[in-house]
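Residue strings, one per chain:
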Amino acid sequence: PFSTSSRGAQRRRCVVMLRFLGCCRSTTVPDEENDVEHLLPAPDLKTWKPRSTSCCSACKVCCLGSILFVVVLALVSGLMSLLPGDCDYARRSFNVDHIIPANATAAGVPQPMEIGTAENMSLAAELGIDLTGLWWMDGNPLPEYLVSWAGSNASAPFPSRMSTPNNMAGRWCWSDSFLAHLIKSYYAFSATVDTSMYTKWYNSSYGAITPVTEEFGEDFHFEKLTENTWDRRPSYILRRVVFGNGTAHPEFWPKFTEFLKTQQADSMLIAWATNSDCQRKCQVVFSCRFCSLFC
């Protein structure tokens, strides 16, 4: 059976939506009990058609105007990206060879990854934990390849809680792929530059890593296998591919570069290049120069 109150309910929903979008100046929602249409006889369902109201028409105009506004912003953003000069780009795309500092220097490009060293890590010597260098997440089902433990901080004795600000520029590396860009964009909004990963160490060879985001669920087991390999159960083996002094590991670096060729023909990778949360979020959609107007 047809209810004569359906139009009134539809009108109230429309007004509430418009008020939320800022497109409706009305401060009152039609009252079903005072709606004059309740005094009218029920319409014939065979001939009845929904009647467009001025409120719903305004809703369409508001939506179209919003879409047009975004399109104009995107065009302006694209034009501004053509302007010459430096900019605070959110990400950096680079060839895998440039991870080795000597190769980056020879090519005249900035070093894309921050290598963990005794100088930029503050781990108490009594802990006996060595995570310097760069590490390959061998077996990671996601297109995330390298991690740096630079900035890590932990004090003795055991159990010890170590913080690692690995969301900062140059401390996490992805493949230069569409899926990786989606993941990186997700992190831009779900975590801040200062978001840290935490590891609880029970001894020098075993710890539990707390995921940065809740989507990963429980803590990950982290167990030392050799001086250059750690088992991060249940997902992958962490292998040191670059030492703290910037030289390549003789076994694991060639294995990593060969693996990358099977995944990424041009051997290109991406990493955060800025520590500005605003730039990271804005550049998901707009160009660096456009975002610089606001960030």
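Located above this text is the structure these notes cover.
Thresholds applied
- Note that residues are indexed from 1 along each chain, following the sequence as it is written.
- Only residues with pLDDT of at least 70 are given local features in this predicted model, and only at 80 or more are side-chain atom pairs given and counted; all residues enter the totals for whole chains, interfaces and linings.
- In computing side-chain values, all of the structure's heavy atoms are included and hydrogens and water are not.
- A run of H or I in DSSP counts as a helix once it spans at least four residues, and a run of E counts as a strand once it spans at least two, with each numbered from the N terminus.
- Expected helix span is given by 1.5 Å per residue-to-residue step, counting one fewer step than there are residues.
- Each residue gets one of three labels from its accessible area relative to the maximum for its type: buried under 20%, exposed over 50%, partly exposed in between, using a 1.4 Å probe on protein chains only.
- By definition, residues are in contact when any of their heavy atoms lie within 4.5 Å.
- Each patch groups residues whose relative accessible area exceeds 30% and which form no salt bridge, using 9 Å between like charges and 5 Å between nonpolar side chains of Val, Leu, Ile, Met, Phe, Trp and Tyr.
- The protein chains shown are the only cover counted for residues, whose accessible areas, like all others here, come from Shrake-Rupley with a 1.4 Å probe.
- The rule for a salt bridge is simple: a side-chain nitrogen of Lys or Arg has to be within 4 Å of a carboxyl oxygen of Asp or Glu.
- Any two strands between which DSSP finds at least two bridges are classified as paired.
- Cysteine sulfur atoms that come within 2.5 Å of each other are treated as a disulfide pair.

Engineer: Explanation requested: helix H4 (residues 178-190) in the structure shown.
Structural biologist: Taking 1.5 Å per residue as the helical rise, H4 with its 13 residues ought to reach 18 Å, and the 18 Å between its terminal C-alpha atoms agrees with that figure. Of all the residues in H4, the buried ones are Ala180, Ile183, Lys184, Ser185, Tyr187 and Ala188. If you follow the buried residues of H4, they end up packed against strand S1 (91-95), strand S4 (144-148), strand S7 (172-175), strand S13 (268-272) and helix H6 (277-282).

Engineer: I'm lost on the side chain of threonine 117 in this one. Help?
Structural biologist: One can find threonine 117 in the loop between helix H3 (101-107) and strand S2 (122-123). Judged by its relative accessible area of 17%, threonine 117 is buried. What threonine 117 contacts, discounting residues up to four positions off in sequence, is Thr132 and Gly244.

Engineer: Looking at this model, I keep getting lost on a nonpolar patch on the surface. Mind explaining?
Structural biologist: Together, Leu64, Ile67, Val71 and Leu75 make up an exposed nonpolar region whose accessible area comes to about 410 Å². Structurally, the position occupied by isoleucine 67 is in helix H2 (residues 54-80).

Engineer: Would you take a moment to explain the environment of lysine 261 for this structure?
Structural biologist: Among the structural elements, lysine 261 can be located in helix H5 (residues 252-263). Judged by its relative accessible area of 47%, lysine 261 is partly exposed.

Engineer: How should I be thinking about the pairing of strand S3 (residues 134-138) in this particular structure?
Structural biologist: In regular strands, side chains alternate between the two faces of the sheet. The buried count for S3 comes to 4 of 5 residues, which makes it a mostly enclosed element. Between S3 and the antiparallel strand that follows it, S4, lie 5 residues; glycine 139 among them carries a positive phi value of about 105°. Where S3 and strand S12 (residues 236-242) come together, 5 bridges link them in antiparallel fashion. When the sheet's bridge partners are listed, tryptophan 136 is paired in S12 with arginine 239.

Engineer: Looking at this structure, I do not really get the state of the cysteines. What am I missing?
Structural biologist: Here a disulfide denotes one covalent bond, and it connects the sulfur atoms of two cysteines. Counted according to the given criterion, the structure contains 3 disulfides. Linked covalently through their sulfurs, cysteine 87 and cysteine 288 form a disulfide whose S-S length is 1.9 Å. Here the S-S torsion is close to -100°, and the disulfide linking cysteine 87 with cysteine 288 is therefore left-handed. Pair noted here: cysteine 87 is in the loop between H2 and S1 and cysteine 288 is in helix H7 (residues 288-291), with a separation of 201 residues, a long-range link. No difference in accessibility class separates cysteine 87 from cysteine 288, as the two residues are buried.

Engineer: I would appreciate a short explanation of the environment of alanine 118 in the present structure.
Structural biologist: Relative to the helices and strands, alanine 118 resides in the loop between H3 and S2. Overall, alanine 118 belongs to the exposed group, its relative accessible area being 61%.

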